[in-house]
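Here is how the chains run, residue by residue.
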Amino acid sequence: MDSTKKAARFFVTGLVQGVGFRFFAVAEAERLGLSGYVRNRRDGRVEAYAVGAPEQLAQFRARLEKGPRLSSVRSVAEEPADIDSQYTSGFVTTPTF
């Protein structure tokens, strides 16, 4: 594991479920070379967990703040996270939590 990599969890609020947000997040993460996951939360938010260089994570957050065309992002909260070896290769969609 590259020691320059960090992990972060992003919680996206607004109109973010049922508008292709998870597919958008996967595509953007893959474009940036991140690993991790995205999932809907029962409270209506979308959660994304990403592992990458700090610059990649900042770019990912900026893209999450815009969201896909049909979404309406109100806010993106970010918190640091530990690197989970289960999510260090590829970016996937996981079940609703």
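Owing to the predicted nature of the structure, the values given are computational and were not obtained by experimental measurement.

Caption draft 1: Inspection of the pattern of salt bridges at higher detail. Evaluated as defined, the whole model comprises 8 salt bridges. The salt bridge partner of R41 is E47, with a shortest N-O separation of 2.7 Å. Residue R41 is classed as buried on the basis of its relative accessible area, which comes to 16%. Accessibility expressed as a relative area gives 2% for E47, which makes it buried. R61 is the partner of E65 in a salt bridge, and the nearest nitrogen-oxygen pair spans 2.9 Å. Placement of both E65 and R61 in helix 2 (residues 54-66) is noted, with a separation of 4 residues, approximately one turn of the helix. Judged by its relative accessible area of 40%, E65 falls in the partly exposed class. We classify R61 as partly exposed; its relative accessible area is 24%. The network of salt bridges with shared partners includes R9, R39, R41 and E47.

Rules of the game
- Residues numbered from 1 in each chain as written.
- Predicted model: local features only at pLDDT ≥ 70, side-chain atom pairs only at ≥ 80, totals over all residues.
- Heavy atoms only, no water.
- Salt bridge = Lys/Arg side-chain N within 4 Å of Asp/Glu carboxyl O.
- Buried < 20%, exposed > 50% of the residue type's maximum accessible area, 1.4 Å probe, protein only.
- Helix = DSSP H or I, 4+ residues; strand = E, 2+ residues; numbered from the N terminus.

By themselves, these figures tell us nothing about what the structure is for.
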